[in-house]
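Next come the chains, spelled out residue by residue.
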Amino acid sequence: MKTISHRARFSGFMFIALCFTLLAASPATTPGVKPEATNIIYQSNDGGQTWQDVSASLPEQVQPEGFFAGESDLYMSVNDVMYHSKSNLKTPVWEKEQVVDQRSTITFNRSGALAYSYDGYIYRKKPSSDPDSYRDWLPIYTNLITHSVQTIFEASDGAVFFSTGKSLSKSVDKGLSWKLIQKGGVDNFVESDGVLLATGQKGIMRSTDQGEHWEWVISEGGVGITVERINGGFAAIAYSTQTKSRRISISLDNGKTWKAIDEGLPPSLSISSIKQVGKYLVVGHPDGIFRSSDMGKTWHVVHQGVDPAIPVFRTASSGAPANDKRKVFTIYASG
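These figures come from a predicted structure and were not determined experimentally.

Please explain the layout of surface pockets as it appears in this structure.
Where empty space is left can be seen by rolling a probe of water-molecule size over the atoms. Of the volumes computed, that of the second largest pocket is approximately 190 Å³. Along its surface, the second largest pocket is lined by 16 residues, and Gly184, Gly185, Val186, Gly200 and Gln201 are the ones closest to its centre. Those elements that provide at least two residues to the lining of the second largest pocket are β15 (179–183), β17 (195–200) and β20 (221–230). In the lining of the second largest pocket, the residues fall into 4 nonpolar, 9 polar and 3 charged.

And the structure:
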């Protein structure tokens, strides 16, 4: 594998597109030299207009099992080993990260990076300014009694939300005690101007009272996929049983009302993600990476899909492929 020796840096915002299935690597041209990985990780430093394949920086010739992007840090698990890179590098430089459980999920909260796994133990990344411990990751929220950690979210008022696959709980005393909010777990949260949004089994739900009560604001018979903050509001992806596809919607009134913005995209069951930088929305879709400069009125392909040769047969009812086996890039934003 090529060794990345330079650490040139850049300033500004970065998109990362990741395909979680290892594609065919370039054949080796020198005996004894392993082929480089290709078509797995792409990086954009110009608002998603152009994309550079940085798969050769991968530490191992296997598919990544998890990828996590924060404001300044990137984490990736490969072969049950966690790797870390700073996001302000021109090309990622991956170094092994000594998390307690190498199979951890990494999430980024107000208290810093958290690592958790199915066993219910949660660790916080020690601030670089903290010299009091030799360990890089310290236990946090030790009063939890569970063996299923799905999501942890820290709100701006200090409240902590903890979701398993079956319930949502809240703590207002930094995890010393927990209150059951509702049955039914959630996958992810976002917050803006005192409004909380979360994904759930019925779509997208909203709270305006610090997470004490929730109402469904997008509920079209299917699960919520993701919810994101955008300029002036929120964007969400949820499955619709009516269209038999994943729909992309935005709200510019704190999540009260929503408007679908995917009319210019081919219908799909596999739309993975939506992110924004500046005026641009960027979407991961089986047909490729799409970008919009007018809040979803029009969309343009800025990078072709990773499986263009696989035939697709669209259903007459919705236009979405009934059995789409193409891989999809997931979009991350950092910086």
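How do you make sense of the sheet that holds strand β19 (residues 215–218) when you look at a structure like this?
Hydrogen bonds between backbone atoms are what pair the strands of a sheet, whose relative direction is either parallel or antiparallel. Judged by pairing direction, the sheet is antiparallel, and its 4 strands sit side by side in the order β16-β17-β18-β19 without closing on themselves. Edge positions in the sheet fall to β16 (189–192) and β19, since each has one partner strand and no second. When strand polarity is set aside, the average angle formed by the axes of neighbouring strands in this sheet is 30°.

Even after reading the chapter, I still don't get the environment of Gly296, so can you show me in this structure?
Note that Gly296 resides in the loop between β26 (288–292) and β27 (300–304). On the accessibility criterion, Gly296 (5% relative accessible area) is buried. In the structure, Gly296 is positioned 35 residues away from Ile261 in sequence and 4.9 Å away in space, judged by C-alpha atoms. Not counting chain neighbours up to four residues away, the residues in contact with Gly296 comprise Ile261 and Leu281.

What exactly am I supposed to notice about unusual backbone geometry here?
Generally, phi is negative for residues other than glycine and the peptide bonds are trans, each holding for most cases. For Asp80, which is not a glycine, the phi torsion comes out positive at approximately 60°. Of note in this structure, Lys174 is not a glycine but carries a positive phi near 60°. You can see Lys174 is positioned in the loop between β14 (167–171) and β15. When its relative accessible area of 72% is taken as the criterion, Lys174 is described as exposed.

Just checking my understanding: could you explain the sheet that holds strand β5 (residues 73–78) for this structure?
Read across the open sheet, the 4 strands follow the order β4-β5-β6-β7; overall the sheet is antiparallel. Taken across any chain shown, the strands that pair with only one partner, and hence form the sheet edges, are β4 (66–69) and β7 (95–96). Where β4 lies against β5, 4 bridges are found, and the strand directions are antiparallel. In the strand pairing of β5, Ala69 is matched with Leu74.

So, how was this worked out
Residues numbered from 1 in each chain as written. Predicted model: local features only at pLDDT ≥ 70, side-chain atom pairs only at ≥ 80, totals over all residues. Heavy atoms only, no water. 1 Å grid on protein atoms, 1.4 Å probe; cavity = no way out; pocket = protein on both sides within 12 Å on 5 of 7 lines; lining within 4 Å. Points joined across faces, edges and corners; volume = space filled by probe spheres on them. Helix = DSSP H or I, 4+ residues; strand = E, 2+ residues; numbered from the N terminus. Nonpolar A, V, L, I, M, F, W, Y, C, P; charged D, E, K, R; others polar. Pairing = 2+ DSSP bridges. Axes fitted to C-alpha atoms, helices over the stretch in contact; angles between N-to-C directions. Buried < 20%, exposed > 50% of the residue type's maximum accessible area, 1.4 Å probe, protein only. Contact = heavy atoms within 4.5 Å.

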